[in-house]
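Report on the structure
This is what each chain is made of:
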Amino acid sequence: MNIFGAMYDKTMAWSTHRLAAFWLSFVSFIEAIFFPIPPDVMLIPMSMSKPKSAVKFALYTAIASVIGGIVGYAIGYFATDWVQGIVQQWGYGEHWAKAMSWFEQWGVLVVFVAGFSPIPYKVFTICAGVMQMAFFPFVLTAFVSRAARFLLVAKLAAWGGEKFAAKLRKSIEIIGWSVVALAVAAYFILK
């Protein structure tokens, strides 16, 4: 079954769409607030298909992410009790507790680490508001960390470029089914 190849082809086609930069920015914005899929999913194919625009795509992503982070900060700041209930309900309780303890220990430096952390970025943006972190240091640190991360991702994808995209396409079914097998195995092992 060539499921992953078709998905890969569709994603690469979308990455060259005339509105792709808008959708990349939109996904980056909402990911910093509530959306579960990181913008890297769009940034990587866009940077591979148009390597000369990779830096531009990374900056769009970083700016939109910081604007979304500001909204997340405001939600945490003004709706603390509601947010904590939602966080528990959505299953982010463990991430939330870890992020809160990091904020208490390291303050604004946590926002920098959050740009590279496996903990969803939205947890950090909302936690920053709940903790009533100083706003301007939050925004500055968020921009530096998100820009660094997205520039790194975009440049690596652009470096691979269309040649890497073609090689990846040849192996996408094996990679896709391997990930599915690992996920199933992890489910049964952890259960």
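Owing to the predicted nature of the structure, the values given are computational and were not obtained by experimental measurement.

Turning to unusual backbone geometry, a few remarks are in order. With phi around 55 degrees, Gln 132 is a residue other than glycine that occupies positive phi space. Gln 132 gets classed as exposed once you look at its relative accessible area, which sits at 52%.

The subject of this paragraph is the packing of helix H1 (residues 3–15) against helix H9 (residues 135–190). One can describe the packing of H1 onto H9 by two numbers: an axis separation of 8 Å at closest approach and a directional angle of 130 degrees. In terms of orientation, H1 lies oblique with respect to H9. Note on packing geometry: the crossing formed by H1 with H9 is right-handed. Side by side, H1 and H9 meet where Ile 3, Phe 4, Gly 5, Tyr 8, Asp 9 and Met 12 of the first sit next to Ala 165, Leu 168, Arg 169, Ile 172, Glu 173, Gly 176, Trp 177 and Val 180 of the second.

Bringing the environment of Thr 80 into the picture now. One can find Thr 80 in helix H5 (residues 80–89). When its relative accessible area of 23% is taken as the criterion, Thr 80 is described as partly exposed. Thr 80 has contacts with Ile 75 and Val 130, leaving out every residue within four places of it along the chain. One polar contact links the side chain of Thr 80 to the main-chain carbonyl oxygen of Gly 76, over a distance of 2.9 Å.

Procedures and definitions
- Residues numbered from 1 in each chain as written.
- Predicted model: local features only at pLDDT ≥ 70, side-chain atom pairs only at ≥ 80, totals over all residues.
- Heavy atoms only, no water.
- Buried < 20%, exposed > 50% of the residue type's maximum accessible area, 1.4 Å probe, protein only.
- Axes fitted to C-alpha atoms, helices over the stretch in contact; angles between N-to-C directions.
- Helix = DSSP H or I, 4+ residues; strand = E, 2+ residues; numbered from the N terminus.
- Parallel < 35°, antiparallel > 145°, perpendicular 65-115°, else oblique.
- Left-handed = near helix turned anticlockwise from the far one by under 90°.
- Contact = heavy atoms within 4.5 Å.
- Polar contact = N/O pair within 3.5 Å; in protein donor to acceptor, adjacent residues only side chain to side chain.

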